Amino acid sequence: MEKLNVVQAIKLCQNGNDDKGKERLIEMLQSGSIGLILSKTRVSEQHDALSIFYDAIMDQVDEILSGKFVFADEIKFKAYFRKKCIFKAKGFVRENIAPFIPMADISEQTEYLFETEFDDIRNEEYNRKNELYNIDLAPDPQKSGFPKHVMEAFHKLSDKCKMLIILKKLMNISHKTIVDSVGFLYTIANENVSKNALKRCWKILLSRAT
């Protein structure tokens, strides 16, 4: 059986036999690409990975036909195609597997999370003082509940700040997941950008709530 290689596949495409060239590319790249998508991205279904792979193949053939892609050698070609698969897989994840994206209208459930978090922190602080000073302190029942001015300050934040505070501070979602899921919507390029943006947002909230 004739050994397949990238040069032959590219020449078939360039000579007008792009269907045959596409078939050869699929035969050479499918197994490794599907495994790559499933192991390196949040795509978990075989049929989704296959769909992403075919989309990458179509895109690659279009680049070959238009002259946008310039072949250097087989190793560089395969590395380029792997990056294309990962890029398309991440796009698929953002569109289909991204978690809840909070918008300006914060739900009652979110307010409940804030109140619960506030009560937990307050109770921990009282317990810490009781152990440290051997006294018996407890929150004033007349002053229970979440401070309304803090919630009002939160509502005045930008959508980006609300999203970061909810996902990280309340839901404890990793910065990597935040970037992969909603980074493209809120211009968060990487984990460091996410961390720095959260610090700024948290500082704004504290300054307005005190």
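Treat the numbers as computed from the prediction; the structure is a model and nothing was measured.

Focus on the nonpolar core
By size, the foremost hydrophobic cluster in this structure holds 24 residues, and its most contacted members are Leu25, Leu29, Ile37, Val43, Phe53, Ile57 and Phe81. Of all the secondary-structure elements, those providing two or more residues to this core are α1 (6–14), α2 (18–40), α3 (46–66) and α4 (74–96). The element best represented in this core is α3, accounting for seven residues. If near-sequence neighbours (up to four positions away) are discounted, phenylalanine 53 is found in contact with Ile26, Leu29, Gln30, Ser33, Ile34, Ile37 and Phe81. Counting 21 residues, the second largest nonpolar core, distinct from the first, contains Met151, Leu167, Ile188 and Leu198.

Some remarks on the state of the cysteines
As enumerated under the stated definition, the model contains one disulfide in all. One disulfide bridge connects cysteine 161 with cysteine 201, the sulfur atoms lying 2.1 Å from each other. Classification of the bridge connecting cysteine 161 and cysteine 201 rests on its S-S torsion, roughly -70°, and on that basis the disulfide is left-handed. Of this pair, cysteine 161 sits in helix α7 (residues 159–170) while cysteine 201 sits in helix α9 (residues 191–209), placing them 40 residues apart in sequence. Each member of the pair, cysteine 161 together with cysteine 201, is buried.

Regarding α4
The end-to-end C-alpha separation of α4 is 33 Å, in line with the 33 Å expected for 23 residues at 1.5 Å each. Turning to α4, its buried residues are Phe77, Phe81, Lys84, Cys85, Ile86, Ala89, Gly91, Phe92 and Val93. Those residues of α4 that are buried are in contact with α1, α2 and α3. The N-cap of α4, judged by a side-chain oxygen 3.1 Å from the amide nitrogen of isoleucine 75 a few residues on, is aspartate 73.

Remarks on helix α8 (residues 175–186)
Helix length check: α8, at twelve residues, gives a terminal C-alpha distance of 13 Å against a target of 16 Å (1.5 Å per residue), a shortfall beyond 12%. Once α8 ends, the next one or two residues include threonine 187, with phi positive near 55°.

Description of the confidence of the model for the protein
Put simply, the protein has an average pLDDT of 79, and 72% of its residues get 70 or more. Averaged over each element, pLDDT in the protein is lowest for helix α5 (residues 108–133) (59) and highest for α3 (93). Taken as a whole, residues 100–106 scores under 50 in pLDDT and shows 17 contacts with residues more than four places along the chain or in a different chain.

About the thresholds
- Residues numbered from 1 in each chain as written.
- Predicted model: local features only at pLDDT ≥ 70, side-chain atom pairs only at ≥ 80, totals over all residues.
- Heavy atoms only, no water.
- Core = buried A, V, L, I, M, F, W, Y, C linked by side-chain atoms within 4.5 Å.
- Buried < 20%, exposed > 50% of the residue type's maximum accessible area, 1.4 Å probe, protein only.
- Helix = DSSP H or I, 4+ residues; strand = E, 2+ residues; numbered from the N terminus.
- Contact = heavy atoms within 4.5 Å.
- Disulfide = S-S within 2.5 Å.
- Expected span 1.5 Å × (residues − 1).
- Polar contact = N/O pair within 3.5 Å; in protein donor to acceptor, adjacent residues only side chain to side chain.
- pLDDT = per-residue confidence, 0-100.

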